[in-house]
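Read off the chains here:
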Amino acid sequence: MEKEVMSSLKMAGNILCSASSFIRKCIFGVLRVGPILNHIALIMDGNRRYAKKQKLSHDGAAGGGVRYDAGFWALMVMLLNCQELGVKYITAYAFSIDNFKRKPEEVESLMTSMLEKFHLLDILVKLLAVRVHFAGNLELLSNELRASAMELTEATAAYSKSVLTICIAYTSRDEILHAVRESCEQKRIDLEFRNDDDNEIKLMKVEKNMYMAVAPDPDIIIRTGGENRLSNFLLWQSCWSHLHSMWVLWPEIGVWNLVFAILNFQRNKTYCLEMKKKEKEL
Amino acid sequence: MPFSLHFSPTPLITAPSPLSKPSFLVPYYHTLHAPKSPLCSSMEHALTHQGKQEAFDLRPEDSQTLPLGLRRDAMPSHVAVIMDGNRRWARLRDLPVRSGYEAGVESLRKIVEICCKWGIKVLSVFAFSSDNWFRPKVEVEFLMSLFERGMQEDTGIFFRENIRISVIGDLTKLPKALQELMVNLEEATKNNTRFQLIVAVSYSGHYDVVQACQRLALKAKCGLIEPSDINVSLMEQELETNCTEFPHPDLLIRTSGEFRISNFMLWQLAYTELYFAQSLWPDFGEAEFLKALLAFQQRQRRYGV
């Protein structure tokens, strides 16, 4: 009797999963009919609040050190969903230079967590044929972390199905400064050695030197955690991006949050295109 | 069009707002070019003949009272606005596009007045983007004439109300007369301290960073700096927002329901709170502005930490 009940429950679970997967596939199919998203950028905010929530629900005490495991898996699921939708570029804001100002034990915990995840990330991205790129001032990271990052970048350089850019030790201002320094240095060399009299530095030159030069500008920037600000993320690249803020904490983000964000983007994009069409008619 | 702005005569609070990120940079004020000619005739006229504005109503109590719910200590020092929706506003009313722009100017005047009343020190407005040059020529010409007219009409008010005007953007693309008017107005009002209105014309965030990069490259060529010396401080000295003590907006408001920055002040918006209002710019009045400020005051700013 018990076996029959378990078997029925298992069958019901399988049917529900299949139904859910079928519904998801249908909705993804509908989304693909609309304006195509090429690049989604993610500000993964809310990990600490989520961890605090979990600890409170388990033992009622605020523990030391915050774990980011749930946040990592949320990113992997998001990567899977984006691939299924046909989104080629995904950029995630993993660690800001400003985050170094947090408590040392918290920074240490985060760095340890990131290092632990590299092996898993290596397996998953190779399985999904995802090229991984790290954007940021990697000199600020520990030797071990930097070496792991460069190793993974090299190991996945040949993949082209999707590109996952992880912004680590990154701020947009630091990126812009880096690009400006490089541009000025290159211009100085041009003026000195190639007798180039043209003093002008063009926009393209600055853009070429950005850490994010591997990817086009994002179509949409999704921020979880309920805040409505860029927090020094992709300032240069976000000039025409649709900005979408959602209340859900990053580790709790699900496929339906993504679907809603994309529908929002498509509705705005359609409206923009309509307006542009009307302008031409006028 | 005659209008009156009701201003309090009491000086602006000079202490920085606690919610503004304290500047870690040495303030660097924009070196204005000396006007090419004496004050233009319209400005002289405004100064000597008091313009055509009526005497404004002095209400000292305005500066002391804020709407219910707004906290004076949490007011943003610098508010930036993307004034979107003028053309849609006109289309919805079957009016010509120029009516939308004129209504937009009125809306701006109201917001400037409110900012002065409520203790906001700087208001930046995205009046004309670098990308707007691709609009129909007739529309662009109308906008240029609207800017010229607006600045001439309000000159008397700026002087009387101690308002500083700054213009940022690639002014070389503007008609010569408008360029001269803007430069002269900037120079003439540079010592005004009550409130600063920054008008972004022929401006984009990309343009701002590239022109700063250009100036730094020139300094590097002259041996004044090394490229490796370029840091946040040097960069901010060359950005066009070096004309103000508060170069980073605390709050950015965009009207008309669009959720994008549209190439406005990219560097400066790193930690700015973003507020997207559904109403079109000509309809954005005191009530909507209050909603935006109340929402801002609820936010917890962490500056990336």
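- As recorded in an unreviewed UniProt entry, chain B goes by the name Alkyl transferase, listed as coming from Gossypium arboreum.
- Recorded under Pathway (unreviewed entry), the UniProt text for chain B is reproduced unchanged: "Protein modification; protein glycosylation."

## Focus: the environment of A:Asn137
Residues and elements named next belong to chain A.
Move 1: Relative to the assigned elements, Asn 137 resides in the loop between β3 (130-135) and α5 (143-155).
Move 2: Between the C-alpha atom of Asn 137 and that of Asp 174, which follows or precedes it by 37 residues, the distance is 7.8 Å.
Move 3: Apart from residues lying up to four places away in sequence, Asn 137 is in contact with Ile 97, Ile 168, Ala 169, Asp 174 and Tyr 211.

## Overview of unusual backbone geometry
Residue and element names in this part refer to chain B.
Move 1: A positive phi angle, near 55°, is found at Asp 94, a position not held by glycine.
Move 2: Mapped onto the elements, Asp 94 comes out in the loop between α2 (86-92) and α3 (97-118).
Move 3: In this model, Asn 162 sits at a positive phi of 60°, which is unusual for a non-glycine residue.
Move 4: Tracing the backbone shows Asn 162 in the loop between α4 (137-160) and β3 (163-168).

## What to know about the interface of chain B and chain A
Move 1: Tallying the contact residues gives 47 residues for chain B and 44 residues for chain A.
Move 2: A buried area of about 4,300 Å², summed over both sides, lies between chain B and chain A, and 58% of it is on carbon and sulfur atoms.
Move 3: Of all residues in chain B, B:His206, B:Arg260 and B:Val305 give up the largest surface area on contact with chain A, accounting jointly for 14% of the area buried on that side.
Move 4: Our count for the contact surface shared by chain B and chain A stands at four salt bridges.
Move 5: Along the contact surface separating chain B from chain A lie 16 residue pairs in polar contact (both at pLDDT 80 or more).

## Here we look at the confidence of the model for chain B
Interpreting fine coordinate detail is not advised for predicted regions of low pLDDT.
Residue and element names in this part refer to chain B.
Move 1: With 79% of its residues at a pLDDT of at least 70, chain B reaches an overall mean of 83.
Move 2: Scored below 50 in pLDDT, residues 1-62 shows 113 contacts in the model against residues more than four places distant or in partner chains.
Move 3: Reported confidence for the predicted complex is 0.86 by ipTM and 0.84 by pTM.

## Notes on the packing of α4(B) against helix α5 (residues 176-189) of chain B
Residues and elements named next belong to chain B.
Move 1: Orientation of α4 relative to α5, taken along the N-to-C sense of each, is 20°, at an axis distance of 10 Å. Put simply, α4 runs roughly parallel to α5. Note on packing geometry: the crossing formed by α4 with α5 is left-handed. Seen from α4, the contacting residues are Met 144, Phe 147, Glu 148, Met 151, Gln 152, Thr 155, Phe 158 and Phe 159; seen from α5, they are Ala 177, Leu 178, Leu 181, Met 182, Leu 185, Ala 188 and Thr 189.
Move 2: Class assignment of the residues belonging to the contact of α4 with α5 gives a composition of 11 nonpolar, three polar and one charged.

## Re α4(B)
Residues and elements named next belong to chain B.
Move 1: Helix length check: α4 (24 residues) gives 35 Å between terminal C-alpha atoms against 34 Å at 1.5 Å per residue, within 8%.
Move 2: The principal kink in α4, of about 45°, is found at Asp 154.
Move 3: Phi turns positive one or two residues past the end of α4, at Asn 162, with a value near 60°.

## A few points about the pairing of strand β5 (residues 220-223) of chain A
All names here are of chain A.
Move 1: Side chains Ile 220 and Ile 222 of β5 all project onto a buried face; the interleaved residues Ile 221 and Arg 223 project onto the opposite face, where all are buried too.
Move 2: Relative to strand β6 (residues 242-245), β5 runs parallel, the two being bridged by four bridges. Bridged to Ile 221 within β6 is Leu 243.

## Structural notes on the nonpolar core
Move 1: Core analysis: the largest hydrophobic core is formed by 51 residues, its most contacted members being A:Ile40, A:Leu42, A:Phe134, A:Ile168, A:Ile222, A:Trp250 and A:Leu258.
Move 2: In contact with A:Trp250, not counting residues within four places along its chain, are A:Leu42, A:Met44, A:Asp45, A:Gly46, A:Asn47, A:Gly71, A:Ala74, A:Leu75, A:Met78 and A:Thr224.
Move 3: Counting 50 residues, the second largest nonpolar core, distinct from the first, contains B:Val112, B:Ile114, B:Tyr275 and B:Ala292.

## Here we look at a nonpolar patch on the surface
Move 1: Side chains of A:Met1, A:Val5, A:Met6 and A:Leu9 sit close together on the surface and give an oily, nonpolar patch of about 470 Å² of accessible area.
Move 2: When you line up the elements, A:Leu9 lands in helix α1 (residues 2-33).

## Notes on the sheet that holds strand β2 (residues 89-96) of chain A
Residues and elements named next belong to chain A.
Move 1: In space, the six strands of this open sheet follow the order β3-β4-β2-β1-β5-β6, with parallel pairing throughout. The open sheet has two free edges, formed respectively by β3 and β6, since each of these has just one partner strand. Between one strand axis and the next, the sheet turns by 20° as a mean value, whatever way the strands run.

## Remarks on the sheet that holds strand β2 (residues 122-129) of chain B
Residues and elements named next belong to chain B.
Move 1: As summarised here, the arrangement of the six strands in space is β3-β4-β2-β1-β5-β6, forming an open sheet in which the pairing is parallel. Strands with a single pairing partner mark the edges of an open sheet, and in this sheet they are β3 and β6 (273-276). Taking the axes of each pair of neighbouring strands and ignoring which way they run, one obtains an average angle of 20° across the sheet.
Move 2: Here strand β1 (residues 78-82) runs beside strand β5 (residues 251-254); their pairing, made up of four bridges, is parallel. Within the sheet, the bridge partner assigned to Val 79 lies in β5 and is Leu 251.
Move 3: Along the sheet face, α5 touches β3 and β4 (195-203) and points at about 140° away from the line of β3.

Rules and cut-offs
Residues numbered from 1 in each chain as written. Chains lettered and ligands numbered in written order. Predicted model: local features only at pLDDT ≥ 70, side-chain atom pairs only at ≥ 80, totals over all residues. Heavy atoms only, no water. UniProt positions renumbered as here; feature names shortened; annotations may be inferred. Helix = DSSP H or I, 4+ residues; strand = E, 2+ residues; numbered from the N terminus. Contact = heavy atoms within 4.5 Å. Buried area = accessible area lost by both parts, 1.4 Å probe. Salt bridge = Lys/Arg side-chain N within 4 Å of Asp/Glu carboxyl O. Polar contact = N/O pair within 3.5 Å; in protein donor to acceptor, adjacent residues only side chain to side chain. pLDDT = per-residue confidence, 0-100. Axes fitted to C-alpha atoms, helices over the stretch in contact; angles between N-to-C directions. Parallel < 35°, antiparallel > 145°, perpendicular 65-115°, else oblique. Left-handed = near helix turned anticlockwise from the far one by under 90°. Nonpolar A, V, L, I, M, F, W, Y, C, P; charged D, E, K, R; others polar. Expected span 1.5 Å × (residues − 1). Bend = angle between axes of the 7 residues up to and from the residue. Buried < 20%, exposed > 50% of the residue type's maximum accessible area, 1.4 Å probe, protein only. Pairing = 2+ DSSP bridges. Core = buried A, V, L, I, M, F, W, Y, C linked by side-chain atoms within 4.5 Å. Patch = residues over 30% accessible without salt bridge, like charges linked within 9 Å, V, L, I, M, F, W, Y side chains within 5 Å. Areas by Shrake-Rupley, 256 points an atom, 1.4 Å probe, with all protein chains shown as cover.

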